[in-house]
Amino acid sequence: MSTTRPYPPGDRGPEPSGVSGGPGGGAPTASAPPGDVAVPPSGAQSAVASASTGPPKASGPSGSPGGRQIRRLSFEDQSGVVPLARDFTRQALQAWGWLPAATADRRAAAEDVLLVVSELVTNACLHAEGPDQLGIVCDNKVIRLEVTDRGAGQPAPRTPHRAGRPGGHGMFIVQRLCLDWGVIRAPGVAGKTVWAELGAPA
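Residues numbered from 1 in each chain as written. Predicted model: local features only at pLDDT ≥ 70, side-chain atom pairs only at ≥ 80, totals over all residues. Heavy atoms only, no water.

Our focus in this paragraph is the confidence of the model for the protein. Looking at the protein as a whole, the pLDDT averages 73, with 61% of positions reaching at least 70. In the model, residues 1-55 has pLDDT below 50 throughout and makes 112 contacts with residues more than four positions away in sequence or in other chains. Contacts for the low-pLDDT stretch residues 61-65, under 50 throughout, to residues beyond four places or in other chains number 10 contacts. (pLDDT = per-residue confidence, 0-100. Contact = heavy atoms within 4.5 Å.)

One broad rule of soluble globular proteins: the nonpolar side chains tend to lie buried together. Counting residues in hydrophobic clusters, the biggest one holds 34 residues, and the most contacted among them are Leu120, Leu134 and Ile143. Top element by residues in this core is helix H2 (residues 104-127). It accounts for nine residues. With near-sequence residues (within four places) excluded, Leu134 lies in contact with Arg71, Arg72, Leu73, Phe75, Ala85, Phe88, Thr89, Val117, Glu146 and Val147. (Core = buried A, V, L, I, M, F, W, Y, C linked by side-chain atoms within 4.5 Å. Buried < 20%, exposed > 50% of the residue type's maximum accessible area, 1.4 Å probe, protein only. Helix = DSSP H or I, 4+ residues; strand = E, 2+ residues; numbered from the N terminus.)

Once that is clear, we can look at the packing of H2 against helix H3 (residues 170-177). The geometry of H2 relative to H3 is characterised by a closest axis approach of 9 Å and an angle of 145° between their N-to-C directions. Considering only the axes of H2 and H3, their crossing is left-handed. Together, Asp112, Leu115, Val116, Glu119, Leu120 and Asn123 of H2 and Gly170, Met171, Ile173, Val174 and Leu177 of H3 make up the contact between the two elements. Residue composition of the contact of H2 with H3, by class: seven nonpolar, two polar and two charged. (Axes fitted to C-alpha atoms, helices over the stretch in contact; angles between N-to-C directions. Left-handed = near helix turned anticlockwise from the far one by under 90°. Nonpolar A, V, L, I, M, F, W, Y, C, P; charged D, E, K, R; others polar.)

Let us look at the pattern of salt bridges. Two side chains bearing opposite charge may form a pair once their charged atoms approach each other closely. According to the stated counting rule, one finds six salt bridges in the structure shown. A salt bridge links Arg144 to Glu146; the nearest nitrogen and oxygen atoms lie 2.7 Å apart. Of the residues examined, Arg144 reaches a relative accessible area of 4% and is grouped as buried. Residue Glu197 pairs with Arg144 through a salt bridge whose shortest N-O separation is 3.1 Å. (Salt bridge = Lys/Arg side-chain N within 4 Å of Asp/Glu carboxyl O.)

What follows is about H3. Every α-helix carries 3.6 residues per turn, so stepping three or four residues along brings you back to the same face. Every buried residue belonging to H3 is among Gly170, Met171 and Val174, and all of these are buried. Buried residues of H3 fall within an arc of 90° about the axis and therefore sit on the same side. In this structure, the buried side of H3 is in contact with H2, strand E5 (180-184) and strand E6 (192-199). (Arc of directions from axis to C-beta.)

Structure follows, in structure tokens:
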């Protein structure tokens, strides 16, 4: 597993969920029991949405003493996953007070979150046969997005980035907008979780 960061690791303290490592460092991994998705728990209250037919299954907010809020959405048997993910994320942002935005900065921060969700889910559709699950974790300072899929590929910004050419902009956008992002693979579990973190609005 490799983790790509727009700046050296360690600038913001320890990794969330107890994940550590980075380029040149140890490989972060998350273990999961057979049958569980490879999403590392972002706190003791982490809940995984159950998969079944019918409307999308979403877990409601859960919290921890530190004020952490968690929501998860399963994409199993769903179509239109990008607008579904954006709507789910927008509802979470409304519940957590990011929307409606009182200032231009707060509105821009919420739009950045929605754009990054779109890019991560689209990337899973294009390169990993679609996403399995979206996780959103919010505390007072950071919002963390986690998209789980079954793909074996490694997302990376196209280098060199050429703004005028079609395609290849998704991970470049993620890298530019996010405080940090990376990929987690769980031993013995197919697929990966691509995560990204954005700062809360002032």
